[in-house]
Amino acid sequence: MDIEQKQSEHIDYFVKQASALKGSALINVVVEATSHPSLFAFSEILAVPNVLELEGTENSAYLDLLRLFAHGTWSDYKSNSGRLPQLVSAQALKLKQLTVLTLADTSKELPYDQLMQELDVTNVRELEDFLINECMYVGIVRGKLDQLKRCFEVQFAAGRDLRPGQLGNMLETLTDWLTTSDNLLVSIQEKIKWADTMSESDKKQRKEVEERVDEVKKSLSLKETTPYWLR
């Protein structure tokens, strides 16, 4: 079962859980979702009305925590840990995995020094073990550990939840891409048409040359068979 299918099943489960509960009863759902080893997307849970109702209440920190797991990184948590619930080990691991996904989205070649700083890892061995066991083995990234260049070369990374407003930018980018693709297709079609025209012209020209060659051959053949006194 691939990671996308697993995600869908887990998301459906937690959305149903969140939809059936209110207030402080949602705390366990948030903690369980952000601790789950196979869940890396949270926007659908964030969109549940009961979850959004935590805003401005005594439990609003758990809504902020869920937002952090949807869009933030380990560094973001450290910067705001004073107003967020303390993370259990499974949550800390998950947030570091999500941090790798965020970094992989910005660059396909991640220096070890940058990764160690962002993940609070003290040595290369610990970093490589984390990337292999907690990221590549889990299936959220694929890549190559380059010890000589001291970097992680990303070949694939699972996508994270879109930030508010990011969808509009993505749609604009896709629209521009489609426009460019349409223009390119028109240009290619025009070149194909031109090539076809040139091909037909070339065929016609070649036929004319062949006909003239045949005429010359016939003329030469006729001269060879005609007695010299009749020429």
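Conventions used here
- Residues numbered from 1 in each chain as written.
- Predicted model: local features only at pLDDT ≥ 70, side-chain atom pairs only at ≥ 80, totals over all residues.
- Heavy atoms only, no water.
- Buried < 20%, exposed > 50% of the residue type's maximum accessible area, 1.4 Å probe, protein only.
- Helix = DSSP H or I, 4+ residues; strand = E, 2+ residues; numbered from the N terminus.
- Arc of directions from axis to C-beta.
- Contact = heavy atoms within 4.5 Å.
- Pairing = 2+ DSSP bridges.
- Axes fitted to C-alpha atoms, helices over the stretch in contact; angles between N-to-C directions.
- Core = buried A, V, L, I, M, F, W, Y, C linked by side-chain atoms within 4.5 Å.

> Looking at this structure, how should I read helix 8 (residues 112-119)?
Owing to its 3.6 residues per turn, the α-helix brings residues three or four apart onto one side. Along helix 8, the positions that sit buried rather than exposed are Y112, L115, M116 and L119. Viewed along the axis of helix 8, the buried residues span an arc of 100°, placing them on a single side of the element. Each element contacted by the buried residues of helix 8 is listed here: helix 6 (74-80), helix 7 (89-106), strand 1 (109-111), helix 9 (124-136), strand 2 (141-146) and strand 3 (151-157). One or two steps after helix 8, the chain reaches D120, where phi turns positive at roughly 60°.

> Help me understand the sheet that holds strand 2 in this model?
Working definition: the strands of a sheet are paired by backbone hydrogen bonds and lie parallel or antiparallel to each other. Read from one edge of the open sheet, three strands run 1-3-2, paired in antiparallel fashion. Two strands lie at the open edges of the sheet, namely strand 1 and strand 2, each paired on one side alone. Pairwise comparison of adjacent strand axes, ignoring direction, gives a mean angle of 30° for this sheet. Where strand 2 meets strand 3, six bridges bridge the pair, whose relative direction is antiparallel. Residue pairing across strands places L145 opposite F152, the latter belonging to strand 3. Along the sheet, helix 7 makes contact with strand 1, strand 2 and strand 3, crossing strand 3 at roughly 90°. The sheet strands contacting helix 9 are strand 2 and strand 3, and the helix crosses strand 2 at an angle near 160°.

> Sorry, what's going on with the nonpolar core here?
With 48 residues, the main nonpolar core has F42, I45, V51, L95, L127, L131 and F152 as its most contacted residues. Examining the composition of this core, we find that seven residues originate from one element, helix 7, more than from any other. Ignoring anything within four residues of it in the chain, the contact list for L95 reads L68, F69, G72, T73, W74, Y77 and L87.

> Would you mind showing me how to read unusual backbone geometry here?
Of note, the phi angle at D120 is positive, near 60°, even though the residue is not glycine. Of note, D120 is situated in the loop between helix 8 and helix 9. Even without glycine at this site, R150 takes up a positive phi of about 55°. If you trace the backbone, R150 turns up in the loop between strand 2 and strand 3.

Interpretation note: all reported values are geometric properties and have no functional meaning in isolation.
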